[in-house]
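# Structural features, examined
Letter by letter, the chains look like this.
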Amino acid sequence: MADVRRRRGFPASANDKGLAAPAASPPTPRYTATLIFGSVCLAAYIALFARHARDLDAELCRSIAISFCMSVGAFFAVIRLVPVVARYVLKRNMFGYDINKKGSPAGSIQVPESLGIVTGFVFVVVTILFQIFCFSPDSAWLLEYNAALTSILFMILLGFVDDVLDIPWRVKLLLPSFAALPLLMAYAGHTTIVIPKPLRAYLEMEVLDLGVLYKVYMGLLAVFCTNAVNILAGVNGLEVGQTLVISSAILIHNMMQIVSSSDADYQQAHAFSIYLTQPLVGASLGLLCYNWYPSSVFVGDTYTYFAGMTMAVAGILGHFSETLLLFFLPQIINFVYSIPQLFKWVPCPRHRLPSFEPKTGLLTGSKDMNLVNLFLRWFGRCTERQLCIRLLIFQGLCSGFCFLLRFLMAGWYK
Ligand code: UD1
Ligand code: MG
């Protein structure tokens, strides 16, 4: 396999001059940041579940608890597997250089790439095995659940292919629409979207039946969610961090809907979304132990596509895709702001990242149009770790805003 770094268009470095660039020392998990991050994100969800567990249907409660335990298992499996797989990917020359450390000793270390493959693999095994505990063979959910898993699996494959082949940007944008096909073909649920209350008077309808167009809408949502995570990236811990914040918001939303409803079908749809999101959180927290600043592994497009697709599927099958889009507010802002470069109206370099000053260790925003650079221009120069934390706090605030909006406009959608 050719040198991935060269295909990624990196400038000449020690390696190109015949000098061996040092490989990263074997990744070892660092738990502190992960534990703080995990507890901040999951506290409300776990508290909500613990408080209402007694009022919930026993079967539903058991399923959620089993899925939770399996997700804890996923966390430890990822921690165990990442160093093993990192060795193998390095052997095949799949590594990247940390661009935000360019010019410092850390910037010339070969960091193993595409470790999202471990997260994806563990996630798929856990969600497949989960069926043993929670579905009878004739369960109506089985078809959609497995179609969802097929779509996620297809996305992991295409993400890994992209990491290996470095597919051109325009083709890359479309990959998720192929991965979404298994779900679109199997989907037999409703095809309506609920009109928010303030708009009903103007449109003179409560729900809009999109018919076949609903499947187009689902496909577009998958394309958006996957690419949205992938282009808000390039800062240590940001890809995994944003996934964890959004997933935690999804979990809280699902739990709130389950405890506030007595309709079994409605509860089941949200529980279904929980069965996909809990293992995503568990496996991603494992990856964060290695990917938090300073990253000892990179997650690759395998992870960004996998995470985006899983969240899209969780929103579609939980029937809350409109709310899901609200959780993606920073990604929407980043996407809209990026449009001139994505469509090449403005020149778009291979990497749209800030510039690093080795002397001070600070990042300065470049002219490239994305949220990462915008934050640096607005809030001033800072370290990579601070930048990631600022962006994640913004992500958390947006989720909070979304809940507030739903609370203030109680019954906005109902
Ligand atoms: C997308 C972005 C690109 C950004 C890149 C970073 C668009 C159109 N594309 O491209 O601007 O630079 O993601 O992931 O917005 N890397 C780091 N630090 C990190 C993570 C990644 O330096 O914390 C670098 C590494 O060299 C790694 C490479 O980014 O090898 C991965 O880039 P890749 O995911 O292939 O880029 P794209 O998804 O194509
Ligand atoms: Mg990427």
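All of these numbers come straight from a predicted model, not from anything done at the bench.

What follows deals with the overall build of the chain. When its secondary structure is counted, the chain shows 16 helices and six strands. Relative to the globule expectation of 22 Å for 414 residues, the C-alpha radius of gyration of the chain, 21 Å, shows essentially globular dimensions. Across the 414 residues that make up the chain, the buried fraction comes to 54%. In the chain, the proportion of contacts linking residues at least 24 apart, taken out of those at least 6 apart, comes to 74%. Accessible surface for the chain amounts to roughly 18,200 Å². Of this, 69% is attributable to carbon and sulfur atoms.

Here we come to the packing of aromatic side chains. Using the criterion set out here, one finds 16 aromatic pairs in the structure. On the basis of an interplanar angle of 80° and a centroid distance of 5.7 Å, the ring pair of Phe95 and Tyr97 is categorised as edge-to-face. As far as burial versus exposure is concerned, Phe95 and Tyr97 are alike and both buried. Ring geometry for Phe327 against Phe403: centres 5.4 Å apart, planes inclined by 50°, an arrangement best described as tilted. Placement of the pair is Phe327 in helix H13 (residues 321-327) and Phe403 in helix H16 (residues 384-408), with a sequence separation of 76 residues. Taking relative accessible area as the criterion, Phe403 reaches 19% and is therefore assigned buried. Each residue in the set Phe375, Trp378, Phe379 and Phe394 is aromatic and connected to the rest through ring pairs, giving one cluster.

Bringing the side chain of Ser63 into the picture now. Secondary-structure assignment places Ser63 in helix H3 (residues 58-91). Contacts of Ser63, omitting those with residues within four sequence positions, involve Phe130, Cys134 and Tyr275.

Here we come to the coordination of the magnesium ion (ligand 2). A four-donor tetrahedral metal ideally has 109.5 degree angles, and a six-donor octahedral metal ideally has angles of 90 or 180 degrees. The magnesium ion (ligand 2) binds to the protein through Asn230 (OD1) and Asp301 (OD), with metal-donor distances spanning 1.9 to 2.1 Å. Within this pair, whereas Asn230 is found in helix H9 (residues 213-231), its partner Asp301 is found in helix H12 (residues 300-317), the two being separated by 71 residues in sequence.

What follows deals with the confidence of the model for the chain. Taken as a whole, the chain shows an average pLDDT of 89; of its residues, 92% reach a score of 70 or greater. Helix H1 (residues 4-7) is the least confidently modelled element of the chain, averaging 44 in pLDDT, while helix H15 (residues 371-379) averages 97, the highest of any element. Taken together, the stretch residues 1-19 has pLDDT below 50 and engages in 41 contacts with residues farther than four places along the chain or on a different chain.

Using the criterion set out here, one finds zero disulfides in the structure. With no disulfide of its own, Cys289 lies closest to Cys41 among cysteine sulfurs, the gap being 13 Å. Overall, Cys289 belongs to the buried group, its relative accessible area being 0%.

At a minimum axis separation of 8 Å, helix H2 (residues 31-52) and helix H11 (residues 264-291) run at an interaxial angle of 160°. For the element pair H2 / H11, the angle class is roughly antiparallel. Two packed elements cross with a definite hand, and for H2 against H11 that hand is right-handed. Contacts between H2 and H11 involve Tyr31, Thr34, Phe37, Gly38, Leu42 and Tyr45 from the first element and Ile274, Gln278, Val281, Leu285, Leu288 and Cys289 from the second. For the contact of H2 with H11, a count of residues per class yields nine nonpolar, three polar and no charged.

Ranked by internal contacts, the top residues of the largest apolar core, which has 113 residues, are Ile64, Leu287, Phe328 and Leu387. Per element, the largest residue contribution to this core is 14 residues, and it comes from H11. Each residue touching Phe328, except ones within four places of it in the same chain, is listed here: Phe224, Cys225, Ala228, Val229, Ile246 and Met311.

Attention now moves to the pattern of salt bridges. The final tally for this structure, using the stated rule, is seven salt bridges. Note that Lys101 and Asp98 form a salt bridge whose closest N and O atoms lie 2.7 Å from each other. Between Arg381 and Glu357 there is a salt bridge, with its nearest N and O atoms 3.8 Å apart. Separated by 24 residues along the polypeptide, Arg381 in the loop between H15 and H16 and Glu357 in strand E5 (residues 355-357) bring together distant segments of the chain. A cluster of three or more residues bridged by salt bridges with shared partners is formed by Asp98, Lys101 and Glu384.

Another aspect to go through is the side chain of Ser104. Assignment of secondary structure puts Ser104 in the loop between strand E1 (95-96) and strand E2 (111-112). Here the side chain of Ser104 touches Lys101 through a polar contact of 2.6 Å, landing on its backbone oxygen. Ignoring anything within four residues of it in the chain, the contact list for Ser104 reads Phe356 and Pro358.

In this section: a nonpolar patch on the surface. Together, Phe121, Val125, Leu129, Ile132 and Phe133 give the surface a local cluster of nonpolar side chains, amounting to about 490 Å² of exposed area. Tracing the chain through its elements places Val125 in helix H4 (residues 116-134). When its relative accessible area of 35% is taken as the criterion, Val125 is described as partly exposed.

This part covers helix H6 (residues 169-179). When H6 is considered as a whole, its buried residues turn out to be Lys172, Leu175, Pro176 and Ala179. The arc that holds every buried residue of H6, seen down its axis, measures 85°, which confines them to one face. Turning to H6, the residues buried within the fold contact helix H5 (141-165), helix H7 (181-186), H9 and H12.

So, how was this worked out
Residues numbered from 1 in each chain as written. Chains lettered and ligands numbered in written order. Predicted model: local features only at pLDDT ≥ 70, side-chain atom pairs only at ≥ 80, totals over all residues. Heavy atoms only, no water. Helix = DSSP H or I, 4+ residues; strand = E, 2+ residues; numbered from the N terminus. Rg over C-alpha atoms; globule rule 2.2 N^0.38 Å. Buried < 20%, exposed > 50% of the residue type's maximum accessible area, 1.4 Å probe, protein only. Contact = heavy atoms within 4.5 Å. Areas by Shrake-Rupley, 256 points an atom, 1.4 Å probe, with all protein chains shown as cover. Phe/Tyr/Trp six-rings, centres within 6.5 Å; stacked < 30°, edge-to-face > 60°. Donors = N, O, S within 2.8 Å, 3.2 Å for Na, K, Ca; no water. pLDDT = per-residue confidence, 0-100. Disulfide = S-S within 2.5 Å. Axes fitted to C-alpha atoms, helices over the stretch in contact; angles between N-to-C directions. Parallel < 35°, antiparallel > 145°, perpendicular 65-115°, else oblique. Left-handed = near helix turned anticlockwise from the far one by under 90°. Nonpolar A, V, L, I, M, F, W, Y, C, P; charged D, E, K, R; others polar. Core = buried A, V, L, I, M, F, W, Y, C linked by side-chain atoms within 4.5 Å. Salt bridge = Lys/Arg side-chain N within 4 Å of Asp/Glu carboxyl O. Polar contact = N/O pair within 3.5 Å; in protein donor to acceptor, adjacent residues only side chain to side chain. Patch = residues over 30% accessible without salt bridge, like charges linked within 9 Å, V, L, I, M, F, W, Y side chains within 5 Å. Arc of directions from axis to C-beta.

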